[in-house]
Amino acid sequence: MILNRIKRSQFSMEYLLTVVIIIALFIPVLFIGYNSMVGETEQTKKQQLETLGNFFLENVEKVYNIGVPARITAQQRVPTPLENITAGGYNNQDIIFILPDKTNFSFSTYYPINVNLNRPLQEGIITVRFDSVYLDEEQIVNITILD
């Protein structure tokens, strides 16, 4: 009877040791997989925002080079929610995307711009109007996000 208890105890310890070893090997694999997945997600988000930025830059350049009173209305997909899109930098020549976590992505143009946006943007298709106008006798591109 005592021998039977010892065998059960030994089996329990071997089973417990096997489970601990498997968990010790499995957790780092999950951690590495999770970290690589998060890194790929961030890289994908950056590439999608770069595509959106290039959309703005190309249309600003087209409208500015055509001159006043040129207008282009185009649609583009917003890949991630945006808190705001604004103009900044030297002479307002940067298009700045502000994410909800306050991260900024900036894209520089050679042309002065003005951005009209009065609300956060959700993921999805947006319609954007680019107008070449005069402001204080200087040509600028007015960017309006339409509803």
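Residues numbered from 1 in each chain as written. Predicted model: local features only at pLDDT ≥ 70, side-chain atom pairs only at ≥ 80, totals over all residues. Heavy atoms only, no water.

**Points about the confidence of the model for the chain**
What counts is decided by this rule: pLDDT is defined as a per-residue confidence score from the predictor, taking values between 0 and 100. Secondary structure elements are defined from DSSP: runs of H or I of at least 4 residues count as helices, runs of E of at least 2 residues count as strands, and each element is numbered from the N terminus.
On average, residues of the chain score 84 in pLDDT, and 92% of them are at 70 or above. Mean pLDDT across the elements of the chain bottoms out in helix α1 (residues 2–66) (80) and peaks in strand β1 (residues 71–78) (91).

**Overview of the packing of aromatic side chains**
Filter applied, for reference: A pair of Phe, Tyr and Trp rings is counted when the ring centres sit within 6.5 Å of each other, with Trp represented by its six-membered ring. The angle between the planes then sorts it: under 30 degrees is stacked, over 60 is edge-to-face, the rest tilted. Think of it in three bands: residues with accessible area under 20% of the maximum for their type are buried, residues over 50% are exposed, and the middle band is partly exposed, with areas taken using a 1.4 Å probe on protein chains only.
Taken as a whole, this structure holds six aromatic pairs when the rule is applied. On the basis of an interplanar angle of 65° and a centroid distance of 5.7 Å, the ring pair of F56 and F97 is categorised as edge-to-face. One end of the pair, F56, is in helix α1; the other, F97, is in strand β3 (residues 94–98), with 41 residues separating them in the sequence. This pair shows no difference in class: F56 is buried, exactly as F97 is. An aromatic cluster is defined as three or more aromatic residues linked by ring pairs; in this entry it consists of F55, F56, F97, F107 and F130.

**With respect to the sheet that holds strand β2 (residues 84–88)**
For clarity, the cut-off: One bridge is not enough; two strands pair if DSSP finds at least two bridges between them. Throughout, an axis means a line fitted to C-alpha atoms (over the contacting stretch in the case of helices), and angles, computed between N-to-C directions, take values from 0 to 180 degrees.
One open sheet holds the three strands; their spatial order is β2-β3-β4, and the pairing between them is antiparallel. The open sheet has two edge strands, β2 and β4 (104–108), and neither has a second partner. Adjacent strand axes in the sheet meet at a mean angle of 25°, parallel and antiparallel pairs treated alike. Bridge analysis of β3 against β4 gives five bridges, and the strand direction is antiparallel.

**Re the sheet that holds strand β6 (residues 124–135)**
Across the sheet, which stays open at both edges, the four strands sit in the order β1-β6-β7-β5 with mixed pairing between neighbours. A strand with exactly one partner marks an edge of an open sheet, and here the two such strands are β1 and β5 (113–116). Neighbouring strand axes in the sheet, compared pairwise and without regard to direction, differ in orientation by 25° on average. With nine bridges joining them, β6 and strand β7 (residues 138–146) adopt antiparallel strand pairing. Residue pairing across strands places Y134 opposite Q139, the latter belonging to β7.

**Considerations on the pattern of salt bridges**
Cut-off, in case you're wondering: Salt bridges are identified by distance alone: a Lys or Arg side-chain nitrogen within 4 Å of an Asp or Glu carboxyl oxygen.
Under the counting rule described, the total for this entry stands at three salt bridges. In this structure, the salt-bridge partner of R77 is E123, at a minimum N-O distance of 2.9 Å. One end of the pair, R77, is in strand β1; the other, E123, is in the loop between β5 and β6, and 46 residues separate them in sequence. Under the relative-accessibility criterion, R77 is labelled partly exposed at 39%. Here R129 makes a salt bridge to D131, at a shortest N to O gap of 2.9 Å. By sharing partners, the salt bridges in this structure join R71, R129 and D131 into a single network.

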